[in-house]
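# Working through the structure, step by step
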Amino acid sequence: MPTPLIIDTDPGVDDAVALLLALASPEVEVRAVTTVFGNVPLPVTTANAARLLALAGRDDVPLAAGADRPLVHPQRERAESWHGADGLGGLAAGLPEPAAGPDPRGAVGLMADVLRAAPEPVTVVPIGPLTNVALLLAVHPELTARIGRIVAMGGSLGAGNTTGAAEFNVFSDPEAAHRVFTQAEVPVTLVPLDLTMRCLADRRWLADLAASGPRCAQLAAMIGHYHDAFRTRYGLDAVALHDALAVLEAVVPGTLRTTGLPLRVACDLGPARGVVVADRRPAAPGPQVHVALDADIPAVLSEILTRLHAWSAPPVSA
Ligand code: BDR
Ligand code: CA
């Protein structure tokens, strides 16, 4: 029986890889895709998620739009310089048009309905700011028992990518992230920059993706602008597939090696805003988040590529 999955996303180039990876994985069934502001504004993330579902031929997956801003303090910084103005490297308009518009229930309503209807625990995978998931936990405490785990991409215990020490998804809504990381009802696995920035898809990996059938060729083309940004910003001829690591962990639990740590998020308005603080003292109090700090990195990259290749390749005719 495949594990039911909800993906909460802000596509986003690495979100695109992550979403298609989930749809390519037989161990899970994507029951809903919900969108949040983040890399680009909400109407754009929603349109992109719809087009990516259409690219996968999965217009049947319900899609609903969620928060267009953080819970408490407005945060205007988007990540167009990484993902392009359209969020998908300038190629969003070339994707197939979705058959229908977003679900009128909205992100929290759709997530709640999926949780109520699922006889087995659902894995929730937030790969953008945590606003929708914090709202879900706050509005529907009666449904937390139906969430098997939350596997989120975000945060850093070291260097940031948005401020000196803050990562984009957590910086975009620190209050929401704090709400999710400090609750005890649902187990949380967090995939931070500490690991994702070590897990780099290089030129060879990208060339293999481009040669993996027509749909992967489209995906590889979308990564072009993102690749340029990694070259310019970090001097790297490679890209970090941040969100795809969280999806792989959700699909194959235990793929990433985790350390249990109580986490707090700095929610003041000073230079530490959005910084994740891990309490490494022995017997530190508070619920522990399973922080993914290590993995067999070549195996992770190869697994992502193999799954996308199998999904993209045209079926062999009888
Ligand atoms: C995270 O920020 C976004 O730009 C990416 O899609 C990813 O979710 C990495 O910090
Ligand atoms: Ca994302």
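None of the values given here were measured: they were computed from a predicted structure.

## Some remarks on the nonpolar core
- Ranked by size, the top nonpolar core spans 69 residues in total, and within it Trp 205, Leu 209, Leu 241, Ile 304 and Leu 308 carry the most contacts.
- With nine residues, the single largest contributor to this core is helix 1 (residues 13-23).
- Apart from residues lying up to four places away in sequence, Leu 209 is in contact with Cys 216, Ala 217, Leu 219, Ala 220, Ile 223, Leu 305 and Leu 308.
- If you look at the next biggest cluster of nonpolar residues, it comprises 36 residues, including Leu 110, Leu 115, Ala 176 and Val 276.

## Observations regarding the coordination of the calcium ion (ligand 2)
- On the protein side, the calcium ion (ligand 2) has Asp 10 (OD), Asp 15 (OD), Asp 15 (OD), Ile 127 (O) and Asp 243 (OD) as donor atoms, found 2.3 to 2.6 Å from it.
- Mapping the donors of the calcium ion (ligand 2) onto the primary sequence yields the spacing D-x4-D-x111-I-x115-D. Placement of Asp 15 in helix 1 and of Asp 243 in helix 11 (residues 242-251) is noted, with a sequence separation of 228 residues between them.
- We classify Asp 15 as buried; its relative accessible area is 0%.

## A few points about the pairing of strand 2 (residues 28-35)
- Within strand 2, six of the eight residues are buried, which leaves the element mostly enclosed by the surrounding structure.
- Pairing geometry for strand 1 (residues 3-9) and strand 2, over seven bridges, is parallel. Paired with Leu 5 across the two strands is Val 30, which belongs to strand 2.
- Alignment of strand 2 against strand 3 (residues 63-65), held across three bridges, turns out to be parallel.

## Some remarks on the packing of helix 1 against helix 2 (residues 42-55)
- Taken N-terminus to C-terminus, the directions of helix 1 and helix 2 make an angle of 40 degrees; their axes are 10 Å apart at the nearest point. With respect to each other, helix 1 and helix 2 are oriented oblique. When you trace helix 1 past helix 2, the crossing you get is right-handed. Along the contact surface, helix 1 presents Ala 16, Leu 19, Leu 20 and Leu 23, while helix 2 presents Ala 49, Leu 52, Leu 53 and Leu 55.
- Tallied by class, residues from the contact of helix 1 with helix 2 come to eight nonpolar, no polar and no charged.

## Regarding the site of ligand 1
- Around ligand 1 there are 13 residues in total, and Asp 14, Asn 39, Asn 161, Glu 167 and Asp 243 lie nearest to it.
- Taking Asn 39, its side chain carries an N or O atom lying 2.5 Å from an oxygen atom of ligand 1.
- Note that an oxygen atom of ligand 1 is positioned 3.1 Å from one of the backbone N or O atoms of Ile 127.
- Notes on ligand 1: free accessible area 280 Å², of which the protein chains cover 96%.
- Among the elements of the structure, helix 1, helix 6 (168-172) and helix 11 are those that each provide at least two residues to the shell around ligand 1.
- By residue class, the composition of the shell around ligand 1 is four nonpolar, five polar and four charged.

## Structural notes on the layout of surface pockets
- Of the volumes computed, that of the largest pocket is approximately 280 Å³.
- Together, 23 residues line the largest pocket, and Asn 39, Trp 82, His 83, Asn 161 and Phe 168 are the ones closest to its centre.
- Only helix 1, helix 3 (80-83), helix 6, helix 10 (214-234) and helix 11 provide two or more residues apiece to the lining of the largest pocket.
- The class makeup of the residues in the lining of the largest pocket is nine nonpolar, seven polar and seven charged.
- Its boundaries defined by the atoms lining it, the second largest pocket holds a volume of some 160 Å³.

## Topic: the environment of Thr 131
- Checked against the element boundaries, Thr 131 lands in helix 5 (residues 131-139).
- With relative accessibility at 1%, the residue Thr 131 sits in the buried group.
- When the C-alpha positions of Thr 131 and Ala 177 are compared, they lie 7.5 Å apart, and in sequence the two are 46 residues distant.
- Each residue touching Thr 131, except ones within four places of it in the same chain, is listed here: Val 36, Phe 37, Ala 67, Arg 69, Pro 70, Leu 71, Asp 173 and Ala 176.
- Only 2.8 Å separates the side chain of Thr 131 from the side chain of Asp 173, close enough to count as a polar contact.

## Examining the UniProt feature "domain: Inosine/uridine-preferring nucleoside hydrolase" (unreviewed entry) in the protein chain
- UniProt records the feature "domain: Inosine/uridine-preferring nucleoside hydrolase" (unreviewed entry) at residues 5-300, using the numbering of this structure.
- The span residues 5-300 carries 37% helix and 20% strand; its end-to-end C-alpha distance comes to 20 Å.

What counts, and at which threshold
Residues numbered from 1 in each chain as written. Chains lettered and ligands numbered in written order. Predicted model: local features only at pLDDT ≥ 70, side-chain atom pairs only at ≥ 80, totals over all residues. Heavy atoms only, no water. Core = buried A, V, L, I, M, F, W, Y, C linked by side-chain atoms within 4.5 Å. Buried < 20%, exposed > 50% of the residue type's maximum accessible area, 1.4 Å probe, protein only. Helix = DSSP H or I, 4+ residues; strand = E, 2+ residues; numbered from the N terminus. Contact = heavy atoms within 4.5 Å. Donors = N, O, S within 2.8 Å, 3.2 Å for Na, K, Ca; no water. Pairing = 2+ DSSP bridges. Axes fitted to C-alpha atoms, helices over the stretch in contact; angles between N-to-C directions. Parallel < 35°, antiparallel > 145°, perpendicular 65-115°, else oblique. Left-handed = near helix turned anticlockwise from the far one by under 90°. Nonpolar A, V, L, I, M, F, W, Y, C, P; charged D, E, K, R; others polar. Near = heavy atom within 4 Å. Polar contact = N/O pair within 3.5 Å; in protein donor to acceptor, adjacent residues only side chain to side chain. Areas by Shrake-Rupley, 256 points an atom, 1.4 Å probe, with all protein chains shown as cover. 1 Å grid on protein atoms, 1.4 Å probe; cavity = no way out; pocket = protein on both sides within 12 Å on 5 of 7 lines; lining within 4 Å. Points joined across faces, edges and corners; volume = space filled by probe spheres on them. UniProt positions renumbered as here; feature names shortened; annotations may be inferred.

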